[in-house]
Number of protein chains: 2
Amino acid sequence: MTVPSDPPLPNSKKTVQLGHGSGGILMHRLLEQLILPALDNEALRQGHDSAVLKLPGEPNARLAFTTDSYVVKPRFFPGGDIGTLAVNGTVNDLAMAGARPLWLSAGLILEEGLPMDELERVLASVKKAAAAAGVDVVTGDTKVVDRGHGDGLYINTSGIGIIEYDLAISPQSIQPGDVILLSGDIGSHGICILAEREKLDFETTIKSDTAALHRSVLAMIEAGLPLHCLRDLTRGGLASALKELTLASKLSAEIRECDIPVELQVKGACELLGLDPLYVANEGRMIVILPKDAVKPALEILSKFPDTAHSRAIGAIGAGNSGQVALKSTLGTLRVVEMLPGEQLPRIC
Amino acid sequence: MTVPSDPPLPNSKKTVQLGHGSGGILMHRLLEQLILPALDNEALRQGHDSAVLKLPGEPNARLAFTTDSYVVKPRFFPGGDIGTLAVNGTVNDLAMAGARPLWLSAGLILEEGLPMDELERVLASVKKAAAAAGVDVVTGDTKVVDRGHGDGLYINTSGIGIIEYDLAISPQSIQPGDVILLSGDIGSHGICILAEREKLDFETTIKSDTAALHRSVLAMIEAGLPLHCLRDLTRGGLASALKELTLASKLSAEIRECDIPVELQVKGACELLGLDPLYVANEGRMIVILPKDAVKPALEILSKFPDTAHSRAIGAIGAGNSGQVALKSTLGTLRVVEMLPGEQLPRIC
């Protein structure tokens, strides 16, 4: 995947910026120009949320393997906490490869002075979310850093899943004419975190959408639906996810604003704060890209699961205009959707 | 595993201390009283460096899965850097389960302001160490935290290995009469980090012992040696590792001071600083516990690999005195080795 008109590689005088972690252009440049070349190998180059791996000597076993660190601030928010995110986020990364999530690891980096009862609460959330998702945290590690050199608690979860079906779910499988489904309303997680962090008062509390999506995905796969690509919408939101997928597949996408649900409160907060909900982070939403004739059965299946009950088709994949994402506004005009240059909301997951 | 005479569970007024991350009693209490009960499951209760997992539907495939976060300070030191440790440490955790390391993940937590060329150097070390160990970093994640809320760079690596032999390598397999082999001299890593951090000048530079040990381990397994248990000596050093294993196996151990190599410079530094080399961290050393009649062939194999060339028998496992480790001093006296109560050297890995 390449981002257009890259500037020269950062040199020794350059430093890491907050925007390097936010799912936008800066982050993609860091990945493309420094991290991927440094660690170069085929699995990493797949550009997917999980690596898909063949187990030597076991020709039928394909594994998905993924990792994510969670640094969300604040640690506790309406609808969940850093522990909930750490489980659901990694479960979702496995699900996006079509894998059945099996095992998680938990690597804790604790700051000296963290109240022990906060750690207890976070671990209880990890346990609860893991039980709900049907996975076990099977291995762990605890490090402590001195006061002032951390931020209370960071969690890394890595995950292993098994791929039991012969589908190539990846950006490279996307075809012109494919339909894009969105699994629910967007922007709640990002606005929830922002409201909590900045102590903004809204009429009702905006809750994070954090959820594990693997059951919806596996139900579609088990029904034999030919899924082409899946992507959960996290940092950078719906816009960045679509931009990444069109760049990777060298195709284009057109989405319709009127079909993209945004809760009234979230929309109001975005207008107030000058944010575009297309770029706001989610933690329990995904897009599903699949052939047109699979749309109806897919929506039927998705409607049966609470976290994907409000799924709908929001647009389609087009040939040509490699990497372009266009939004058809409610007024009927077309707007080109770009990747976010820098930082909209830091540390939302 | 239990640590004797535990005080009551930390309550809400208690906070995380540096010692909770150092491999001693505090860390074991945190694990036993808070983390393990919170996440309770069978794999986690194995108390091993890696979880050993059976892949559903693939009866012959056993996987090892492990995770470690690296927060070493300073990031660069003689003999390696945080990237070298992050690869070798996780490779070793897999090797200690008798697994062939296959894949690693890398989760980076970067602090805003980290010089880009430092990130580049660390990634080059990750690549170099991974290539040397024959593993690939197949999946990754990058998060950025704001200035003052991190410490430049933390790395989590998780690892997957495959267990190709039918050996139960675990504390539960240790038998009375088993011999304890040590793979080389102890204490170099901890003293190297301390010297670098505190700008201590020694006559010659003390280098970290960081090394990947899987080839030595796999060669012993392939030769059919009935290994009972393996443990790499990291935080808490040789003393803590033996203490953990005797507690888990409900047996005792006696080791001979005269057979435990400590480099002259390391010994001098320990005396100067009031440290006991038995508790100083290593990053490329392990103990091998195996039946007496396997000792000779094991030492022959270990001698062929540069990083384990100086392996030797240092003691034996005894029945009774559950959990006790005794050190026979050079003067012939017996000293009971306890687990370190708190913190000797923070952030050495």
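Residues numbered from 1 in each chain as written. Chains lettered and ligands numbered in written order. Predicted model: local features only at pLDDT ≥ 70, side-chain atom pairs only at ≥ 80, totals over all residues. Heavy atoms only, no water.

Q: Sorry if this is basic, but what is going on with the overall build of chain A here?
A: Each helix and strand in chain A was counted, giving nine helices and 14 strands. Relative to its length of 349 residues, chain A is compact, with a C-alpha radius of gyration of 20 Å against a globular reference of 20 Å. Considered along the principal axes of its C-alpha atoms, chain A spans approximately 55 × 55 × 50 Å. In chain A, the proportion of contacts linking residues at least 24 apart, taken out of those at least 6 apart, comes to 84%. (Helix = DSSP H or I, 4+ residues; strand = E, 2+ residues; numbered from the N terminus. Rg over C-alpha atoms; globule rule 2.2 N^0.38 Å. Contact = heavy atoms within 4.5 Å.)

Q: Could you clarify how one ought to interpret the confidence of the model for chain A in this entry?
A: Predicted coordinates in areas of low pLDDT are best not read in detail. Residue and element names in this part refer to chain A. The pLDDT averaged across chain A works out to 92; a share of 96% of its residues lies at or above 70. Overall, residues 1-5 carries pLDDT values under 50, and its contacts beyond four positions in sequence, including any with other chains, amount to 11 contacts. Predicted as a complex, the structure gets a pTM of 0.94 and an ipTM equal to 0.94. (pLDDT = per-residue confidence, 0-100.)

Q: Mind showing me how you'd approach unusual backbone geometry here?
A: Residues apart from glycine generally show negative phi values, whereas peptide bonds are mostly found in trans. Residue and element names in this part refer to chain A. Residue Pro-74 follows Lys-73 across a cis peptide bond; omega there is 5 degrees. Mapped onto the elements of the fold, Pro-74 is located in the loop between β2 (62-70) and β3 (76-77). Look at Lys-199: it is not a glycine, yet its phi comes out positive at around 55 degrees. Take Lys-199: it is sitting in the loop between α5 (188-198) and α6 (214-222).

Q: Would you mind showing me how to read the packing of α5(A) against helix α8 (residues 264-273) of chain A here?
A: Two packed helices can be described by the angle between their axes and the distance between those axes. All names here are of chain A. Where α5 contacts α8, the axes come no closer than 10 Å and their chain directions differ by 60 degrees. Comparing their axes, α8 and α5 come out oblique. The two elements α5 and α8 meet at a crossing, and its hand is left-handed. On α8, the residues that touch Ser-188, Ile-191 and Leu-194 of α5 are Val-266, Ala-269, Cys-270 and Leu-273. Residue composition of the contact of α5 with α8, grouped by class: six nonpolar, one polar and no charged. (Axes fitted to C-alpha atoms, helices over the stretch in contact; angles between N-to-C directions. Parallel < 35°, antiparallel > 145°, perpendicular 65-115°, else oblique. Left-handed = near helix turned anticlockwise from the far one by under 90°. Nonpolar A, V, L, I, M, F, W, Y, C, P; charged D, E, K, R; others polar.)

Q: Teacher, can you tell me more about the domain arrangement of chain A here?
A: For interface size, the figure often reported is the accessible area lost on association. Residue and element names in this part refer to chain A. Its domain assignment divides chain A into domain 1 (50-163) and domain 2 (171-337). Computed over C-alpha atoms only, the centres of domain 1 and domain 2 are separated by 23 Å. The interface is formed by 23 residues belonging to domain 1 together with 23 residues belonging to domain 2. Carbon and sulfur atoms supply 64% of the area buried between domain 1 and domain 2, which totals about 1,800 Å² over both sides. Considering only the side of domain 1, the residues that lose the most area to domain 2 are Pro-78, Asn-92 and Met-96, jointly responsible for 33% of the buried surface there. Applying the counting criterion to the domain 1 and domain 2 interface returns zero salt bridges. (Domains from an automatic or database assignment. Buried area = accessible area lost by both parts, 1.4 Å probe. Salt bridge = Lys/Arg side-chain N within 4 Å of Asp/Glu carboxyl O.)

Q: What exactly am I supposed to notice about the interface of chain A and chain B here?
A: Listed per partner, the contact involves 85 residues of chain A and 85 residues of chain B. Taken over both partners, the interface formed by chain A and chain B buries close to 7,100 Å², and the fraction arising from carbon and sulfur atoms is 67%. Among the residues of chain A in contact with chain B, Val16(A), Phe65(A) and Met116(A) are the three that bury the most area, contributing 10% of the side total. There are eight salt bridges connecting chain A and chain B. One salt bridge connects Lys143(B) with Asp68(A), and the closest N-O pair in it is separated by 3.2 Å. Applying the counting rule to chain A against chain B returns 29 residue pairs in polar contact (both at pLDDT 80 or more). Counting residues per element, the ones that place at least two in the side of chain A that touches chain B are α1 (25-39), α2 (42-45), β1 (51-54), β2, β5 (100-111), α4 (116-133), β6 (136-145) and β7 (153-163) of chain A. Residues belonging to the side of chain A that touches chain B are distributed by class as follows: 42 nonpolar, 23 polar and 20 charged. (Polar contact = N/O pair within 3.5 Å; in protein donor to acceptor, adjacent residues only side chain to side chain.)

Q: Teacher, can you tell me more about the environment of Ala124(B) here?
A: Looking at the element boundaries, Ala124(B) is found in helix α4 (residues 116-133). With 41 residues separating them in the primary sequence, Ala124(B) and Gly83(B) have C-alpha atoms 7.9 Å apart.

Q: Whenever I open this one, the environment of Ala316(A) confuses me. Can you help?
A: Residue and element names in this part refer to chain A. Structurally, Ala-316 is set in strand β12 (residues 312-318). Through-space distance from the C-alpha of Ala-316 to that of Lys-292 is 9.0 Å; in sequence the pair is 24 residues apart. Those residues in contact with Ala-316 that lie beyond four places of it in its chain are Asp-178, Val-179, Ile-180, Ser-252, Ala-253 and Glu-254.

Q: Honestly, the relation of the copies chain A and chain B in this entry has me stumped. Any pointers?
A: Both copies of the chain are placed relative to one another by a rotation about an axis and a shift along it. Turning chain A through 180 degrees and shifting it by 0.0 Å along the axis lays it on chain B, with an RMSD of 0.0 Å. The transformation relating the two chain copies, once decomposed into turn and shift, fits a two-fold axis. Scanning chain A for the C-alpha nearest the rotation axis identifies Gly150(A), at a separation of 2.2 Å. Taken as a fraction of all interface residues of chain A, those also at the interface in chain B reach 100%, which identifies the copy contact as same-surface. (Least-squares fit on C-alpha atoms with pLDDT ≥ 70 in both.)

Q: Is there a simple way to think about the sheet that holds strand β10 (residues 252-256) of chain B in this case?
A: Backbone hydrogen bonds hold the strands of a sheet together, and the pairing may be parallel or antiparallel. Residue and element names in this part refer to chain B. One open sheet holds the seven strands; their spatial order is β9-β11-β8-β12-β10-β13-β14, and the pairing between them is mixed. The open sheet has two edge strands with one neighbour each: β9 (229-232) and β14 (334-337). Averaged over neighbouring strand pairs, the angle between their axes works out to 25 degrees when direction is ignored. Across four bridges, strand β8 (residues 179-182) lies against strand β11 (residues 286-290) in antiparallel orientation. Its bridge partner lying in β11, Val-179 is registered against Leu-290. (Pairing = 2+ DSSP bridges.)

Q: Just checking my understanding: could you explain the sheet that holds strand β5 (residues 100-111) of chain B for this structure?
A: All names here are of chain B. Pairing is mixed in the open sheet, where five strands are placed in the order β1-β2-β7-β5-β6. Each edge of the open sheet carries a strand with a single partner, namely β1 (51-54) and β6 (136-145). Shown here is a sheet whose adjacent strand axes are inclined to one another by a mean of 20 degrees, direction ignored. One ladder, built from four bridges, connects β1 with strand β2 (residues 62-70); its direction is antiparallel. Each bridged residue has a counterpart across the sheet, and for Leu-53 the counterpart in β2 is Leu-63. Sheet strands in contact with helix α3 (residues 82-95) are β2, β5 and β7 (153-163), and its direction is about 150 degrees off that of β2.

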